[in-house]
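Spelled out, the chains give:
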Amino acid sequence: KRQDDIIYEIQDVERSINEWQNKNPRMMLPEDPREEIMRLRIRRIEEQAALTLLAQRAVHQLQMRILRFLVILRFSMLALSVLNFVAAWYYYRNSPNELVFWLATGSKQFTCGLVYFVAYMVGYVIAKRWHPDKKSVKFKRLEYLCQRLTESISDFRVETEGLRTSAEETFEAIWGV
């Protein structure tokens, strides 16, 4: 299954950073423009991930409202079911004991109570099918990865600061001036 383009883009940035960190620091400038370009790419990916997460949160809030409504609907169906079962029993309570069960279960109230109970069970199954969105989990991990990559760039810059050549030294080495 093809993933979102942003996943492939962050993999490309991660590979670029690894290749860049494996290069000789003496060939790098103190303010290397490649670092800034990688940071800009990471920042753009972070912004895209944040926008996607924001949209996912709105969808999640709507789903939670629907879930709450289903819970209320479910318990109202359960209450109506119990009420109809009690009404069926109450209507035939003065009948002979041998016939109370058969009369109550054959009544319209009992049938209606069964229908309400089935509606309760359908609502229960629907409510239990909810699960967290895999895409939002993936984008949260992506945000953490972006933060880690930015820190990696900063750490590498600090570690190799003394080994890097200045622009004047590079110019002198190339032109021999």
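Given the structure is predicted, the values throughout are model-derived calculations rather than measurements.

**Student:** Can you walk me through the layout of surface pockets in this structure?
**Tutor:** The calculated volume of the largest pocket comes to roughly 230 Å³. The wall of the largest pocket is formed by 13 residues, among which Gln-56, Arg-57, His-60, Asp-133 and Ser-136 lie closest to the centre. Sorting the residues of the lining of the largest pocket by element identifies helix 2 (33-91) and helix 5 (134-159) as the ones contributing at least two each. Residues of the lining of the largest pocket, tallied by class, amount to five nonpolar, five polar and three charged. The volume enclosed by the second largest pocket comes to roughly 180 Å³.

**Student:** Is there a simple way to think about the packing of helix 1 (residues 5-21) against helix 2 in this case?
**Tutor:** Closest axis-to-axis distance for the helix 1/helix 2 pair is 11 Å, and the angle between their directions is 155 degrees. With respect to each other, helix 1 and helix 2 are oriented roughly antiparallel. For the crossing formed where helix 1 meets helix 2, the hand is left-handed. Residue-level contacts link Ile-6, Glu-9, Ile-10, Asp-12, Val-13, Ser-16, Ile-17 and Trp-20 of helix 1 to Arg-34, Glu-35, Met-38, Arg-41, Ile-42, Arg-44, Ile-45, Gln-48 and Ala-49 of helix 2.

**Student:** What's the story with a positive patch on the surface in this structure? I'm lost.
**Tutor:** Together, Lys-1, Lys-134, Lys-138 and Arg-141 make up a region of like positive charge exposed at the surface. Within the element layout of this structure, Lys-1 appears in the segment before helix 1.

**Student:** Just checking my understanding: could you explain the packing of aromatic side chains for this structure?
**Tutor:** A ring pair, where both rings are aromatic, is described by two values, the distance of the centres and the angle of the planes. In total, this model carries six aromatic pairs according to the counting rule given. Aromatic side chains Phe-85 and Phe-110 sit 5.0 Å apart centroid to centroid with 45 degrees between the ring planes, which places their arrangement in the tilted category. You can see Phe-85 sitting in helix 2 and its partner Phe-110 sitting in helix 4 (residues 108-128), a full 25 residues away along the chain. Taking relative accessible area as the criterion, Phe-110 reaches 22% and is therefore assigned partly exposed. For the pair Phe-101 and Trp-102, a centre-to-centre distance of 5.1 Å together with 80 degrees between the ring planes defines the contact as edge-to-face. Judged by its relative accessible area of 60%, Trp-102 falls in the exposed class. Through successive ring pairs, a cluster of aromatic residues spans Phe-75, Phe-117 and Tyr-120. The side chain of Arg-93 reaches across the aromatic face of Tyr-90, ending 3.8 Å from its centre.

Rules used throughout
Residues numbered from 1 in each chain as written. Predicted model: local features only at pLDDT ≥ 70, side-chain atom pairs only at ≥ 80, totals over all residues. Heavy atoms only, no water. 1 Å grid on protein atoms, 1.4 Å probe; cavity = no way out; pocket = protein on both sides within 12 Å on 5 of 7 lines; lining within 4 Å. Points joined across faces, edges and corners; volume = space filled by probe spheres on them. Helix = DSSP H or I, 4+ residues; strand = E, 2+ residues; numbered from the N terminus. Nonpolar A, V, L, I, M, F, W, Y, C, P; charged D, E, K, R; others polar. Axes fitted to C-alpha atoms, helices over the stretch in contact; angles between N-to-C directions. Parallel < 35°, antiparallel > 145°, perpendicular 65-115°, else oblique. Left-handed = near helix turned anticlockwise from the far one by under 90°. Contact = heavy atoms within 4.5 Å. Patch = residues over 30% accessible without salt bridge, like charges linked within 9 Å, V, L, I, M, F, W, Y side chains within 5 Å. Areas by Shrake-Rupley, 256 points an atom, 1.4 Å probe, with all protein chains shown as cover. Salt bridge = Lys/Arg side-chain N within 4 Å of Asp/Glu carboxyl O. Lys, Arg positive; Asp, Glu negative; His and termini not counted. Charge placed at Lys NZ, Arg CZ, Asp CG, Glu CD. Phe/Tyr/Trp six-rings, centres within 6.5 Å; stacked < 30°, edge-to-face > 60°. Buried < 20%, exposed > 50% of the residue type's maximum accessible area, 1.4 Å probe, protein only. Lys NZ or Arg CZ within 6 Å of the ring centre and 35° of its normal.

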